[in-house]
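Survey of secondary and tertiary structure
In case you want the letters, here they are:
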Amino acid sequence: MNISRREILGWTVAAGSVAVLPGWAAAQGAVSFAGKTVEWTIPFGEGGGSDAWARFFAPYLAKHLPGNPTVLVRNVPGGGGLSGVNAFAQRPQDDGLAILGVSGSNQFPYLLGDRRVQYDYKDFTPVLVSPTGGVVYIPGDYGVADMSQGKALLEREFVFANTGATSLDLVLMLAYDLLGLKVRHVFGMSSRGETRLAFERGEANIDYQTSSSYLANIVPLVEAGKAVPLFSLGALDADGNVVRDPTFPDIPHFLEAYEMMYGRPPEPSEKLDAYIAFFSAGFPAQKMVVLPKSVAPEIVEAYRTAFANAVADPDLQANKEKVLGAYMQGTGPAAQRLFAIATTISPEAKAWMQDYLRTNYNVQI
């Protein structure tokens, strides 16, 4: 079952936001960064996922930008990832020598209307979107082989080790609620690695891991009969349709899992709108490279072309598995579409989400 977020939210991306500017392929001839340094701001500390992603891409970006500049990754941690983005937005450079890498940790506070956010995604232009995925799993001895038997789960009490009500785990909180599962959230986990260990020790009995960790750590548990995958979070295609995760083509995505369990798709609701909005921001468009809106069109097109060529680079393709996985990287118009989807939420869904967090988890936005 393919469900378009546009169909669910009832909106369409404005034509100007997805149009390719004229001369995209030829733009590099008008721009040169020779002898210059491009500073790539990452609003998180060294050694994390966003840092590894940027440092993986940096030499390929340098190789394919006209003039082959130095690309320097600059870590600006603080404020849960907000400080670096706030600073970048408040001092935009229009010469193309400053780019920003953002993640779901920046998208979520923006979508929620967090008062600490001093940036607006409308002031950014995307040039790369990098997806990731995730899989939800339970113990292997629960007698449930797949979500066609999911109603048996309604009788169980689940414990979910949670890294925070406004973290990526928010997507799973909404998924569990939509499915009608009884889940007690144990907050305070520092990482998904810690939550995995809680599952392995029997302290939690439902968990998810992002794609790379699931492949490395959970597939062996599945093969040993100690875990059963329930659903992946899925992916978005270039038109905004929810589709199966290409890394896990045999595992149903969440909307398919719901239909397997209840025999029908989920009913349209503000809760479903909120789930789709935060899923899109947290997984299919988890990491993005943006430029200030004030950057000249020819420079933007040079970056679009450079990232498209970097993604197609045979050396990157040969070495991408550990960092990027099997996911198609969004460049050109695909990046613009995913960016628009991942940074938009209806006013009704936003208000519902704020009330949900305040009422159920005492989170004041």
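Structure report, in brief. None of the values given here were measured: they were computed from a predicted structure. (Residues numbered from 1 in each chain as written. Predicted model: local features only at pLDDT ≥ 70, side-chain atom pairs only at ≥ 80, totals over all residues. Heavy atoms only, no water.)

As a further point, take the pairing of strand β8 (residues 182–187). Across 6 bridges, strand β7 (residues 157–162) lies against β8 in parallel orientation. Directly across from Phe160, in β8, lies its bridge partner His185. Considered for its hand, the β-α-β crossover made up of β7, helix α6 (residues 169–179) and β8 is right-handed. (Pairing = 2+ DSSP bridges. Helix = DSSP H or I, 4+ residues; strand = E, 2+ residues; numbered from the N terminus. Right-handed = clockwise from strand over helix to strand, strands pointing away.)

Pairing between side chains of opposite charge can happen when their charged atoms approach one another. Tallied over the full model, the rule gives 11 salt bridges. Put simply, Glu39 and Arg74 hold a salt bridge, and the shortest N to O gap is 3.6 Å. Linking Glu39 in strand β2 (residues 37–42) with Arg74 in strand β3 (residues 70–75), this pair joins segments that are 35 residues apart in sequence. A salt bridge links Arg244 to Glu256, with the shortest nitrogen-to-oxygen separation between them at 2.9 Å. Within this pair, whereas Arg244 is found in the loop between β12 (241–243) and α9 (254–262), its partner Glu256 is found in helix α9, the two being separated by 12 residues in sequence. Taking the relative accessible area as the measure of exposure, Arg244 reaches 34% and is therefore partly exposed. Classification of Glu256 as buried rests on a relative accessible area of 13%. Bridged by salt links that share partners, the residues Asp169, Arg192 and Asp207 form one connected network. (Salt bridge = Lys/Arg side-chain N within 4 Å of Asp/Glu carboxyl O. Buried < 20%, exposed > 50% of the residue type's maximum accessible area, 1.4 Å probe, protein only.)

This brings us to the nonpolar core. Among the nonpolar cores identified, the biggest contains 73 residues, and Tyr275, Phe278 and Met353 are the most heavily contacted of them. With 9 residues, the single largest contributor to this core is α6. Ranked by size, the runner-up nonpolar core spans 34 residues in total, among them Phe33, Ile42, Leu97 and Ile99. (Core = buried A, V, L, I, M, F, W, Y, C linked by side-chain atoms within 4.5 Å.)

Attention now goes to the sheet that holds strand β9 (residues 207–210). Within the open sheet, the 3 strands sit side by side as β9-β6-β10. Their pairing is antiparallel. The open sheet is flanked by β9 and β10 (227–232), the only strands paired with a single partner. Within this sheet the neighbouring strands show an average axis-to-axis angle of 35 degrees, counted without direction. In this sheet, β10 lies alongside strand β6 (residues 134–139) in antiparallel orientation, the contact comprising 5 bridges. Along β10, the bridge assignment pairs Pro139 with Ala227. Set on the sheet, α6 makes contact with β6, β9 and β10; between it and β9 the angle comes to about 140 degrees. With respect to the sheet, helix α8 (residues 211–223) is in contact with β6, β9 and β10, its orientation differing from that of β9 by roughly 130 degrees. (Axes fitted to C-alpha atoms, helices over the stretch in contact; angles between N-to-C directions. Contact = heavy atoms within 4.5 Å.)

Moving on: the environment of Ala161. In this fold, Ala161 is placed in strand β7. When its relative accessible area of 4% is taken as the criterion, Ala161 is described as buried. Distance from Ala161 to Glu203, taken between C-alpha atoms, is 8.3 Å for residues 42 residues apart in sequence. The residues contacting Ala161, other than those within four sequence positions of it, are Asp169, Val186, Met189, Arg192, Thr195, Ala198 and Ala204.

Buried residues dominate strand β5 (residues 124–130), accounting for 7 of its 7 residues. In this structure, β5 lies alongside strand β13 (residues 287–292), joined through 6 bridges in antiparallel fashion. Counterpart to Ser130 in the pairing with β13 is Lys287.

The subject of this paragraph is the sheet that holds β5. With mixed pairing, the 5 strands of this open sheet are ordered in space as β3-β2-β4-β13-β5. Unpaired on one side and paired on the other, β3 and β5 mark the two borders of the sheet. Pairwise comparison of adjacent strand axes, ignoring direction, gives a mean angle of 25 degrees for this sheet. Strand direction decides the pairing type here: strand β4 (residues 98–103) and β13, joined by 4 bridges, are antiparallel. Each residue of the ladder has a partner; that of Val102, found in β13, is Met288. Packed on one face of the sheet, helix α11 (residues 297–312) meets β2, β4, β5 and β13 and runs near 0 degrees to β5.

Our next topic: the side chain of Asn106. With respect to the helices and strands, Asn106 occurs in helix α5 (residues 104–112). Within the structure, Asn106 has its side chain in polar contact with the backbone oxygen of Gly81 (distance 2.7 Å). When residues no more than four places from it in sequence are discounted, the contact partners of Asn106 are Pro43, Phe44, Gly81, Leu82, Val85, Tyr119 and Tyr121. (Polar contact = N/O pair within 3.5 Å; in protein donor to acceptor, adjacent residues only side chain to side chain.)

Turning our eyes to something else, we now look at unusual backbone geometry. Where the residue is not glycine, phi is negative for most of them; where a peptide bond is considered, it is trans in most cases. One non-glycine residue, Asn68, lies in the positive phi region at around 50 degrees. Structurally, the position occupied by Asn68 is in the loop between α3 (49–64) and β3. At Asn362, a residue that is not glycine, the phi angle is positive and equals roughly 55 degrees.

Read these as layout, nothing more, since geometry by itself doesn't imply function.
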